[in-house]
Amino acid sequence: MKPSGDIASQQSDLIVISTILMLLIIVPVMALTVLFAWRYRQSNKDAVYDPDWHHSTRLEIVIWAAPLAIIVALGAITWVSTHLLDPYRPLDRIAANRPLPEGVKPLVVEAVALDWKWLFLYPELGIATVNELAAPVDQPIAFKITSSTVMNSFFVPALAGQIYAMPGMETKLHAVINKAGEYDGFSANYSGAGFSDMRFKFHGLAREDFDKWVQSVKDGGGSLDRAGYLELERPSVREPVKRFAAVDPALYDAILNMCVDTAKMCMKDMMRIDAKGGMGMAGIGNVFALKYDRPRARGGEQAATVKRFVAAVCTPEAPRDGETPEVATPRPAAAGRASLETLTPRMSVAERAQADRPVAE
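Residues numbered from 1 in each chain as written. Predicted model: local features only at pLDDT ≥ 70, side-chain atom pairs only at ≥ 80, totals over all residues. Heavy atoms only, no water.

K.L.:
So what exactly am I meant to see when it comes to the sheet that holds strand S3 (residues 107-114) here?
P.N.:
Either a parallel or an antiparallel arrangement is found when strands of a sheet pair, and the pairing is made through backbone hydrogen bonds. Read across the open sheet, the seven strands follow the order S10-S7-S3-S4-S5-S14-S13; overall the sheet is mixed. In the strand order of this sheet, the two ends are held by strand S10 (171-175) and strand S13 (222-224), each with one partner. With direction set aside, neighbouring strand axes in the sheet form an average angle of 30 degrees. Pairing of strand S4 (residues 117-122) with strand S5 (residues 127-130) involves four bridges; the strand directions are antiparallel. Bridge pairing in S5 places Phe 120 opposite Thr 129. (Pairing = 2+ DSSP bridges. Helix = DSSP H or I, 4+ residues; strand = E, 2+ residues; numbered from the N terminus. Axes fitted to C-alpha atoms, helices over the stretch in contact; angles between N-to-C directions.)

K.L.:
So what exactly am I meant to see when it comes to the packing of aromatic side chains here?
P.N.:
Both the distance between ring centres and the angle between the ring planes are used here to describe each pair of aromatic rings. The tally for this structure, following the rule as stated, stands at 13 aromatic pairs. Plain terms: the ring middles of Phe 120 and Phe 154 are 6.3 Å apart, the flat faces sit at 70 degrees to each other, and that makes the pair edge-to-face. Highlighted residues: Phe 120 in strand S4 and Phe 154 in strand S8 (residues 152-155), separated in sequence by 34 residues. Summarising the burial analysis for this pair, Phe 120 and Phe 154 share the class buried. Ring centres of Tyr 190 and Phe 195 lie 5.5 Å apart, and the angle between their planes is 70 degrees; on these two criteria the pair is classed as edge-to-face. (Phe/Tyr/Trp six-rings, centres within 6.5 Å; stacked < 30°, edge-to-face > 60°. Buried < 20%, exposed > 50% of the residue type's maximum accessible area, 1.4 Å probe, protein only.)

K.L.:
Explain the sheet that holds strand S6 (residues 132-136) here, please?
P.N.:
The strand order across the open sheet formed by five strands is S6-S12-S11-S8-S9, and the pairing between neighbours is mixed. Edge positions in the sheet fall to S6 and strand S9 (163-165), since each has one partner strand and no second. Adjacent strand axes in the sheet meet at a mean angle of 25 degrees, parallel and antiparallel pairs treated alike. Here S8 pairs with strand S11 (residues 181-187) via two bridges, running antiparallel. Paired with Phe 155 across the strands is Phe 186, a residue of S11. Packing against the sheet, helix H3 (residues 207-220) makes contact with S6 and strand S12 (199-205), and its axis sits at approximately 140 degrees to S6. (Contact = heavy atoms within 4.5 Å.)

K.L.:
Help me understand the state of the cysteines, please; the structure alone is not making it clear to me.
P.N.:
Any covalent bond linking the sulfur atoms of two cysteines counts as a disulfide. Scanning the entire structure with this criterion turns up one disulfide. With a sulfur-sulfur separation of 2.0 Å, Cys 259 is cross-linked through a disulfide to Cys 266. Disulfide Cys 259-Cys 266: torsion about the S-S bond near 80 degrees, hence right-handed. Take Cys 259: its relative accessible area is 2%, and that puts it in the buried class. Judged by its relative accessible area of 15%, Cys 266 falls in the buried class. (Disulfide = S-S within 2.5 Å.)

K.L.:
Can you help me understand the environment of Lys 117 in this one?
P.N.:
Summarising the element assignment, Lys 117 is placed in strand S4. Once the C-alpha coordinates of Lys 117 and Glu 132 are considered, the two residues, 15 residues apart in sequence, prove to be 9.9 Å apart. Beyond its immediate stretch of four places on either side in the chain, Lys 117 contacts Val 112, Val 130, Asn 131, Met 198, Leu 232, Glu 233, Arg 234, Pro 235, Ser 236 and Glu 239. A polar contact of 2.9 Å, which involves the side chain of Lys 117, links it to the backbone oxygen of Arg 234. At 2.8 Å, the side chain of Lys 117 forms a polar contact with the side chain of Ser 236. (Polar contact = N/O pair within 3.5 Å; in protein donor to acceptor, adjacent residues only side chain to side chain.)

K.L.:
Mind showing me how you'd approach the pairing of strand S7 (residues 141-147) here?
P.N.:
Across the seven residues that make up S7, a large majority, six, are buried. Across seven bridges, S3 lies against S7 in parallel orientation. Its bridge partner being in S7, Val 108 is matched across the sheet by Ala 142.

K.L.:
What's the story with the packing of helix H1 (residues 6-39) against helix H2 (residues 57-84) in this structure? I'm lost.
P.N.:
To describe two helices that pack against each other, one gives the angle between their axes and the distance between the axes. Direction vectors running N to C along H1 and H2 enclose 170 degrees, while the axes themselves pass 9 Å from each other. By the angle class used here, H1 and H2 are roughly antiparallel. Contacts between H1 and H2 involve Leu 14, Ile 17, Ser 18, Leu 21, Met 22, Leu 24 and Ile 25 from the former and Ala 66, Pro 67, Ile 70, Ala 73, Leu 74, Ile 77 and Ser 81 from the latter. Residue classes in the contact of H1 with H2 are distributed as twelve nonpolar, two polar and no charged. (Parallel < 35°, antiparallel > 145°, perpendicular 65-115°, else oblique. Nonpolar A, V, L, I, M, F, W, Y, C, P; charged D, E, K, R; others polar.)

Here's what the structure looks like:
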């Protein structure tokens, strides 16, 4: 309840205020319960006995007005704090009565929940760490959070509230640490056998100390590419701290789209194909345009029904830079199957004759 980060501090104040408001009703009710039990006990013959009593306007006003006022107060506090403490909302202050200085950019950290360890990527610094997180004091931190396999929850109690990490999805958290020190971080969502040891240390450092920490990572760390990540991704328990001085800049995007293995299609490419209507004979019934996709009739003409589907995809050999010309190379249809055109780079007849590349159906 005495955190070192401004967001967590505001959340702490919210808990205290809400508790006090609720105690305004709970304490009187508990006290009156004891009072009534004592005053109207069977042995107290002096207590007023009125079996025909059924209504009191004053009592009704007290019974309903007080809780209603507290509910209104709690609702207002909840509405305001929900927007001010939205984890996706960039910070506009670094502490109470300390607005965010102009020109200050947040430190971007990409957090990946693995089995059972945490990987932190610093895209602007070109470094990465495992089970170790550091940030300078009084500088906003912009977290991008995802997971490699199952749902986890990123939580540094001294910094801010917990945020879920989910595979194929990205959640965000904006926070700031105001005091130098070493703080505990962990996963707050059960994720399997090694969950209990899925912990890391968060270091709040002065600017000079943070620069030294970054330099130490660059001096003593290795490199992390796709192949190295696939090895790191394998389940392990109580993984020691690891540092990487160089990181593939496209690694986080590949993790997020679940295509670190280049043999797999990225989720964003799948969604792009689905947005165009899908592909393949098996899904032909799902590629018909919906009513709101059809062009409206103009001038009394009847609108034509639009059918969308993907006729071809790029092979790994085909360029994806969006600039190199590509040409569709048809393949004869097999018995009972529709033909599939595969996009390949434009080449001469001689080059095509020498090419011996398998084409997927």
